[in-house]
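# Chain and residue survey
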Amino acid sequence: MFSLSFNQPKFCPTAEWNPYGITFANETTLGEDTTSLFINTNNTVYSVNNDKKQILMWINNSINPNKNISANFVDSASIFVTNNGDIYYDNGYENSRVDKWISNTDTFVNVMNVNSSCFGIFIDINDTLYCSMNDDHKVIKRWLNDSEMISTTAAGTGTRGSASNELNCPTGIFVDLNFDLYVADRDNDRIQLVKFEELNGTTIVGKGSSNNIILLSRPSGIVLDADKYLFIVDQYNHRIIRSRSNDIRCIIGCYGKGSQSHQLSYPVTLSFDSYGNIFIIDSSNYRIQKFDFLLNSCDNSSSVQSVYSSVLTENHPTYSPTGCDLQNYYYEAIQMNVNESGYYSLISNSTIDTFGYMYGGNFYPSGPSINLISKSDNRSGEHQFQMRPFLRSTTANILVVTTDSANVTGTFSIIVSGFNNVTFKRLTSSFNQPKFCPTADWDHFGITFANQTTLGEYASRTLFINTNNTIYTSNNEMYQILIWINNSINPNKIISINFAVSYSIFVTNNGDIYYDDSARSRVDKWISNTDTFTTVMNVNSRCTGLFIDINDTLYCSMYDHHKIVKRWLNDSEIMPATAAGTGIDGSSSNELSGPMGIFVDLNFDLYGADRDNDRIQLFKFEELNGTTIVGEGSSNNIISLDRPTGIVLDADKYLFIVEQLNHRIIRAGPNDIRCIIGCDGDGSQSHQLYFPTSLSFDSYGNIFITDTFNHRIQKFDFLLNSCGEFKN
């Protein structure tokens, strides 16, 4: 009874693989030009390092090759291993032959003469050796038990062409138990099936096939599973296709070329291990990637539904889904959390035409193609989109719902089906970012919201207002955080905290309070649902500004050390990394001098009140060189700043700047920079400020300011009649 030396797993029709691969071997191990791969039924992995002229073997699940065979070849393109451990490898580039390494004698022998490289090698159950001659446009074969080393043609004429009996640069080959030959006819963009003892082939996938559901671009590898599903390496589309008569679909690398774990770059060949996992030579990334078979993809016994419903309104943020159109498409970003990684089916139900975009990791409105892993429009039905993305339990899965046309609002629901529950979290700011008209104005005469009796003798600098208009500040004299809930005149919740002087505060959507504990050089958190405290960041100075972005990254503005640091709150390490500044007092584009208030927008761009440099700096995401957008050194220096300490952005990215030593508030847009509050000099009257530090909006657009040296918080009402309409 025959037995195969390679794995041909049997899968269910719904079989799927984790689209995020694990790097099994990298360039350090493989060198720069590897195309060979074979895995036997014992899961021994074979490949080639052409730089070192070595055959590499991973035995018994070894992480590194634990057997290396030095061989006299140049640029070997393919490899095949038989049940007795003999290794057949291409040696045609310079030596015009296929060689065999004999396992039990550790010797080499020539087994086939060729006049070009063999880009595919295969040995069928009858011990017939096949060689795919890419340069000669044909596949040849030779029975290994024949004493004569004479090869015959198995497919192709030797002339480049696309007729049924011709090939054009064939590469990967596979021979089934019926001795039918499958050929990756690379430059004809097709898979050819040549029946036993026939020379005319039939196109079964790709250009010219009768069922041309999917187009191939330079297919380079072909493997069959136990049910004759074809697994095709679609090289120039940088993906893997699984194909049968009525089921042709991408299974790996389905979202374009790249070097991330879910991407491929010019893959060449693939092989199965005995568990159904797929190994791929990812040639231009110089690696072998392993993609795990998902056992639960064949379990259709139960499906759990989870539903998310919401309404797109004019209060939602806007962006351009393509990155090219005007940024006037309303959207909602939703984080989808799963306990178990896998594929989940999503379908929308809406009164409007909705589009869906799934991101793995951060979503950047200014770069909508970054981290995009799946997208779908409403072609599945009226007003609906559907997709089946892979959701990971260890990474943020962010669904962005937007519309077919600009400036459209309406209700929508997302119905998610899978083998486990999905929880949803709308990614929205915990603070208010009102939308104003260009002519927006505020009452110049403020109302004292809280005075020294409430705030204490030591000047209060902390202020935060959430989207429910709950107001937070601190009393440094009494070591308390004060909270005004439901429009209360006096604080109706007081939290006693063991700090000396706190310079900043930030509150998340779940009610957790993050505050600067400068005396202990750390940032602490009061946990709302347990009424307990924990340290979330270690710093070696006071934090004169705190901010948490929508990705749960905490930022601290270190005034005394002239830099801004950050830490992802879901990371087990609590030591921060630098977000801006060098730690040295300076005024260069990468330096800061006494930074205070900070703000991070939805694109993760960082705005810093660079106090002692009299400027506002903008640091684009992952950049350490800033641009001065207002103040000393800006290209549009209409107005001079004197020690800016606070910075807040509204919905249209107008800047509201607390200018401490000019005792006023500045509103700055692209062509509109003007004073809006405290424009008549310092003082203690209701229209004056004295060393203000920070500001915050309520949901109505009213501005609250810590008027520090007047020991008060002042409220300045937004004037509705200055716009005629207002959106928050």
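Residues numbered from 1 in each chain as written. Predicted model: local features only at pLDDT ≥ 70, side-chain atom pairs only at ≥ 80, totals over all residues. Heavy atoms only, no water.

Here the focus is the domain arrangement of the protein. The domain architecture assigned to the protein consists of domain 1 (16-298), domain 2 (304-426) and domain 3 (441-719). If you average the C-alpha positions of domain 1 and of domain 2, the two centres end up 38 Å apart. Taken together, the contact between domain 1 and domain 2 spans 12 residues of the former and 12 residues of the latter. Summed over the three residues of domain 1 that lose the most area to domain 2, namely Tyr-20, Tyr-255 and Asn-296, the buried surface amounts to 53% of that side. Linking domain 1 to domain 2 there are one salt bridge. Taken together, domain 1 and domain 2 are joined by four residue pairs in polar contact (both at pLDDT 80 or more). Taken together, the residues of the side of domain 1 that touches domain 2 sort by class into six nonpolar, five polar and one charged. (Domains from an automatic or database assignment. Contact = heavy atoms within 4.5 Å. Buried area = accessible area lost by both parts, 1.4 Å probe. Salt bridge = Lys/Arg side-chain N within 4 Å of Asp/Glu carboxyl O. Polar contact = N/O pair within 3.5 Å; in protein donor to acceptor, adjacent residues only side chain to side chain. Nonpolar A, V, L, I, M, F, W, Y, C, P; charged D, E, K, R; others polar.)

Take the pattern of salt bridges next. If the charged atoms of two oppositely charged side chains come close together, the side chains can form a pair. Counted according to the given criterion, the structure contains 35 salt bridges. For Arg-186, the salt bridge goes to Asp-187, with nearest N and O atoms at 2.7 Å. The shortest N-O distance in the salt bridge between Arg-239 and Asp-234 comes to 2.8 Å. When its relative accessible area of 0% is taken as the criterion, Asp-234 is described as buried. Where salt bridges share partners, they join Arg-186, Asp-187, Asp-189, Lys-207 and Arg-218 into one cluster. (Buried < 20%, exposed > 50% of the residue type's maximum accessible area, 1.4 Å probe, protein only.)

What follows is about the environment of Ser-393. Following the sequence through the fold, Ser-393 ends up in the loop between β34 (390-391) and β35 (397-403). Taking the C-alpha atoms as reference points, Ser-393 and Leu-294, 99 residues apart in sequence, are found 14 Å from one another. Setting aside residues no more than four positions away along its own chain, Ser-393 makes contact with Val-338, Asn-339, Glu-340 and Ser-341. (Helix = DSSP H or I, 4+ residues; strand = E, 2+ residues; numbered from the N terminus.)

So, on to the side chain of Ser-488. Its place among the elements puts Ser-488 in the loop between β41 (480-484) and β42 (493-496). Residue Ser-488 is classed as buried on the basis of its relative accessible area of 18%. Side-chain polar atoms of Ser-488 contact the backbone oxygen of Asn-490, separated by 2.4 Å.

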